[in-house]
Every structure is written in C-alpha cells, then in structure tokens.
Amino acid sequence: DTGVSQNPRHKITKRGQNVTFRCDPISEHNRLYWYRQTLGQGPEFLTYFQNEAQLEKSRLLSDRFSAERPKGSFSTLEIQRTEQGDSAMYLCASTTHGGYQETQYFGPGTRLLVL
Amino acid sequence: AQKITQTQPGMFVQEKEAVTLDCTYDTSDQSYGLFWYKQPSSGEMIFLIYQGSYDEQNATEGRYSLNFQKARKSANLVISASQLGDSAMYFCAMRGPYRAGTASKLTFGTGTRLQVTL
C-alpha cells in the first residue's frame, strides 16, 4: 500500500494524559498537512510542513499541541494534557510540491476519544 | 476568507440513478481550486475530482462530473449511475491561490450524506 498511513487508528485516553499520533505520507510527497474533524463538520486545517519545516499553524493549534516532521518524512502530532474538547478525528494529508492543481491525499485518520 | 456551503445534510438516490450534490462557495480570490472528497464510514477522505477556477471545461472523472458555474459560485458534484458503494459523506472543499512556500490549505463544507438504495 503506497497511500498515506496513520497510527494508531483509534485512541481512547483519560483527560489530562498526553497522546501522540503518527503520519507516514506518500514517499515522494514533501508537503504534509494535519487537519482536525469534529462530529458533523468538515475537516479544519491545523498545520503544514514543507519538508521538515513547519511553515504555518492554525489558531486552532493551542500551545498544548505540537507537531514535528524531523527528517521531512513521517510526522507526529502530540497533544499534551488532553481535554474532552480534543475528541475528534485527526487527519493527515500529503502532496507533492504543488502548483495550480495540487491535490491533497488523505490518510485514514486517527479517532481520538478523551474521557 | 473562503467559505463553502453545502445545504443538503442528506440525500437519497436509487441505485443506477444520477444524483447532484450541491456546493456553493465564497471567495474574493480570482485563482482558486475546488475539490470533492468522499468519506466512507471508515473515515478516510478519498479525492474524487478537481476543478480550477480558470478551467473552461467542467471536470470529469469516470462517473463523477463537476458542474462548475463560476458566475453563480457553484460547483455541484454529479454522480451518474449510482452504486451501493457510493453511500458515504461527500465534502466540497476549496483552496485559495497557490503561493510557493505557503500552505495550500483546504476549506471544507459540512458535507452531504448520500444513501444509495436498491
């Protein structure tokens, strides 16, 4: 399978715990995005990497959230001191160096439930 | 700011029939891209079709076509010959002008749940 992969697919945690999600993009894709999708809504942009550089972050990404892409390949998204409001689907997407027709390809997502 | 509106929370269509899912958008940009994604219950967002704002022809991909009416700011998805496997959430999304070094982030609508019946 050469698509975007995400792990874990599901995560249940207690409020106050830290969680980390991983995204492995399509191998030749240098641009990587994280989105968050809450129930009944479309995905919302969180952050963007071009190679290893994090070039843009949404206001949704509070200081409890941190994302890395250390070698320009896989990326991790960590949430510290989780809150019930963090319960959502976290989606990763990747694409090649874009242009007018840049298309983002999404992974299967990680469903987070904070109890 | 960009905004996508999908006014149909749910739609039903009979197998083998065609269905149109509505999408209107709002932007002040002249250059933009419009996308449709399918999200089955498994959660993955599956890319279906793309339309650029400067494209004169409506995009088509197999059974999917995009009815692009620029003056009305609408980008409706038409699925022909519906199949049971088409049952899913469908999201319309927009991307602003491409600028090197910046995020080409997508703005999504709230989606339409399509149910294909026998």
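You'll find the structure just up there.
Residues numbered from 1 in each chain as written. Chains lettered and ligands numbered in written order. Predicted model: local features only at pLDDT ≥ 70, side-chain atom pairs only at ≥ 80, totals over all residues. Heavy atoms only, no water.

Caption draft 1: Geometry of the interface of chain B and chain A. Listed as interface residues are 28 residues of chain B and, on the opposing side, 29 residues of chain A. For the pairing of chain B and chain A, the buried interface totals around 2,100 Å² over both sides, and the portion due to carbon and sulfur atoms is 51%. Of the charged contacts, one joins A:Glu56 and B:Lys105 as a salt bridge, the two residues approaching to 2.3 Å between their closest N and O atoms. On the surface where chain B and chain A come into contact, there are 11 residue pairs in polar contact (both at pLDDT 80 or more). When residues of the side of chain B that touches chain A are traced back to their parent elements, those giving at least two are strand S5 (33-39), strand S6 (46-52), strand S10 (88-95) and strand S11 (106-108) of chain B. In the side of chain B that touches chain A, the residues fall into 12 nonpolar, 12 polar and four charged. (Contact = heavy atoms within 4.5 Å. Buried area = accessible area lost by both parts, 1.4 Å probe. Salt bridge = Lys/Arg side-chain N within 4 Å of Asp/Glu carboxyl O. Polar contact = N/O pair within 3.5 Å; in protein donor to acceptor, adjacent residues only side chain to side chain. Helix = DSSP H or I, 4+ residues; strand = E, 2+ residues; numbered from the N terminus. Nonpolar A, V, L, I, M, F, W, Y, C, P; charged D, E, K, R; others polar.)

Caption draft 2: Representation of the packing of aromatic side chains. Per the counting criterion, the structure on display carries 17 aromatic pairs over all chains. Geometrically, the ring pair formed by A:Tyr35 and A:Phe45 is edge-to-face, given 6.1 Å between the ring centres and 75° between the ring planes. Here A:Phe45 lies in strand S5 (residues 44-50) and A:Tyr35 lies in strand S4 (residues 31-37), a separation of 10 residues in the sequence. What makes A:Tyr35 buried here is its relative accessible area of 0%. Grouped by ring-pair contacts, the aromatic residues A:Tyr33, A:Tyr35, A:Phe45, A:Tyr48, A:Tyr105, A:Phe106, B:Phe35, B:Tyr37, B:Phe47, B:Tyr50, B:Phe91 and B:Phe108 constitute a single cluster. Residue placement shows A:Arg22 over the ring face of A:Phe74; its charged tip is 3.9 Å from the ring centre. Sitting above the plane of the A:Phe45 ring, B:Lys105 keeps its charged end 5.2 Å from the centroid. (Phe/Tyr/Trp six-rings, centres within 6.5 Å; stacked < 30°, edge-to-face > 60°. Buried < 20%, exposed > 50% of the residue type's maximum accessible area, 1.4 Å probe, protein only. Lys NZ or Arg CZ within 6 Å of the ring centre and 35° of its normal.)

Caption draft 3: Region of interest: the pairing of strand S9 (residues 88-95) of chain A. Residues and elements named next belong to chain A. When you tally the buried positions in S9, you get eight out of eight residues, the bulk of the element. Examined bridge by bridge, S4 and S9 share seven bridges and lie antiparallel to one another. Opposite Tyr 35, over in S9, you have Leu 91 as the bridge partner. Relative to strand S10 (residues 105-106), S9 is paired through two bridges, and the arrangement is antiparallel. Its bridge partner being in S10, Ala 93 is matched across the sheet by Phe 106. (Pairing = 2+ DSSP bridges.)

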